[in-house]
Amino acid sequence: MPASTDNPTGPIVPLSMRPRSGPYSGLNARSAKRFLTAQFSEAGLPTPDIDARELVLAATAMTHSELIANGTEFLSQEVFAQISDYAARRLSGEPVDHILGRRGFYGRDFKVTKDVLSPRPDTEVLIDKALAFLKPFKAPRILDLGTGTGVLAITLLTELPHAQACAVDISQKALSVARVNAQSHGVDDRLMLLKSDWLSHVDSSYELIISNPPYIDAQAMAALSSEVAGFDPALALAGGEDGLSAYRIISAQARDYLTPNGQLIIEIGFDQGRTVPDILRGDGWDAISVSQDLAGQDRCVQARKPAL
Ligand SMILES: C[S@@+](CC[C@H](N)C(=O)[O-])C[C@H]1O[C@@H](n2cnc3c(N)ncnc32)[C@H](O)[C@@H]1O
């Protein structure tokens, strides 16, 4: 069994600077992962081990258990070159999901590009809330505002085989990404994609309106880490001067597009658990509640269409 000659605790030589043959022809998937972890760690990346694992798994087309069970075979020149390229891109700040062009959400993979926000695990709480609310409906209609990758509408359509959805975005490029994701998850026949400035072109009623709007205020936008600012589109992040612009529009208008007792489920920033409910209260929404994400941060506001 070929063993790695590389010492992960020794000096770290970037993979891209290593010879393509000779001593490193002995590199295997496990030792490549160790090297990447050490390099990423030294570079101060926040999750070196996870990033290294994801990149090595993608380059080698292995599953995690295959890496553990048989990651000791030599890497081919091609895979070595691919890992070197991934490592260099990660070290230059590019996030793993942009390097790989995909991101997992609620157990499924979604295509991501520079034109869409990479779905975040925090957003999964909206899906849990939506599924709980929609349970009694046989064929619910869902409106997703600011769909990006399409992750909210597509996940709900996948979970609810009789549901129909309309997914709105102001970005045509985002809608194109959502179309590919809808096709790859086999729900495109139940999803209408609509270019619209929030509700301006929406003309039906829905049991549920779900949204993860841009909510970062101007000051925080200026201070965003280069990783977020450089790779997620500003359109998906910037929520105006106080971060609340989209909430004001959606709160004022969404009620007209909900069926009686329909609900709004909307993502918020961790520090918006008071301000967003206040906006909704001011517009007369009923049964307003705030829920937390897995990290215990305020993340989701749910409200019922006002009776009048
Ligand atoms: C925070 S991202 C959410 C993407 C996706 N729903 C998710 O949860 O990962 C916000 C989305 O809102 C879209 N957006 C921004 N302004 C908009 C507007 N005025 N009307 C419709 N969509 C808008 C952006 O293009 C972006 O795709």
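Up top you'll find the structure we're talking about.
Keep in mind that this is a model prediction, so the values were computed, not measured. (Residues numbered from 1 in each chain as written. Predicted model: local features only at pLDDT ≥ 70, side-chain atom pairs only at ≥ 80, totals over all residues. Heavy atoms only, no water.)

Q: How would you explain the overall build of the protein chain if you had to name every residue and give the values?
A: Counting its regular elements, the protein chain contains twelve helices and nine strands. C-alpha atoms of the protein chain, sized along the principal axes, occupy 75 × 40 × 35 Å. Counting every position in the protein chain, which comprises 308 residues, the buried fraction comes to 49%. Long-range contacts, defined as pairs at least 24 residues apart, comprise 66% of the intrachain contacts of the protein chain with a sequence gap of at least 6. Looking at the protein chain as shown, the accessible area adds up to about 14400 Å², and 53% of this sits on carbon and sulfur atoms. Within the protein chain, one finds 29 positive and 37 negative side-chain charges whose respective centroids are separated by 3 Å. (Helix = DSSP H or I, 4+ residues; strand = E, 2+ residues; numbered from the N terminus. Buried < 20%, exposed > 50% of the residue type's maximum accessible area, 1.4 Å probe, protein only. Contact = heavy atoms within 4.5 Å. Areas by Shrake-Rupley, 256 points an atom, 1.4 Å probe, with all protein chains shown as cover. Lys, Arg positive; Asp, Glu negative; His and termini not counted. Charge placed at Lys NZ, Arg CZ, Asp CG, Glu CD.)

Q: How would you summarise the site of the ligand if you had to cite specific residues and measurements?
A: Residues in contact with the ligand amount to 17 residues; listed here are only the nearest, G146, D169, D197, W198 and N212. Here a nitrogen atom of the ligand sits 2.8 Å away from a polar atom, N or O, in the side chain of D197. Taking 600 Å² as the accessible area of the ligand by itself, protein coverage stands at 95%. Residues of the shell around the ligand, tallied by class, amount to nine nonpolar, six polar and two charged. (Near = heavy atom within 4 Å. Polar contact = N/O pair within 3.5 Å; in protein donor to acceptor, adjacent residues only side chain to side chain. Nonpolar A, V, L, I, M, F, W, Y, C, P; charged D, E, K, R; others polar.)

Q: I'd like a rundown of the packing of helix α2 (residues 48-60) against helix α4 (residues 77-91), residues and numbers included.
A: Taken N-terminus to C-terminus, the directions of α2 and α4 make an angle of 145°; their axes are 9 Å apart at the nearest point. Pair α2 / α4 crosses with right-handed handedness. Here α2 contributes D51, L55, V56, A58, A59 and T60 to the contact with α4, which in turn contributes V79, Q82, I83, Y86 and R90. Its residues placed into classes, the contact of α2 with α4 shows seven nonpolar, two polar and two charged. (Axes fitted to C-alpha atoms, helices over the stretch in contact; angles between N-to-C directions. Left-handed = near helix turned anticlockwise from the far one by under 90°.)

Q: Give a detailed account of unusual backbone geometry, specifying residues and quantitative values.
A: The backbone phi angle of A61 is positive, close to 55°, even though this residue is not glycine. Topologically, A61 is positioned in the loop between α2 and α3 (64-70). Of note, the phi angle at A287 is positive, near 50°, even though the residue is not glycine.

Q: An account of the packing of helix α1 (residues 29-42) against α4 is requested, with residue identities and associated values reported.
A: Axis separation between α1 and α4 bottoms out at 11 Å; the angle between their running directions is 15°. Considered as vectors, α1 and α4 are oriented roughly parallel to each other. For the pair α1 and α4, the crossing hand works out as right-handed. Judged by residue contacts, A32, L36, Q39 and F40 of α1 engage I83, A87, R90 and L91 from α4. Taken together, the residues of the contact of α1 with α4 break down into six nonpolar, one polar and one charged. (Parallel < 35°, antiparallel > 145°, perpendicular 65-115°, else oblique.)

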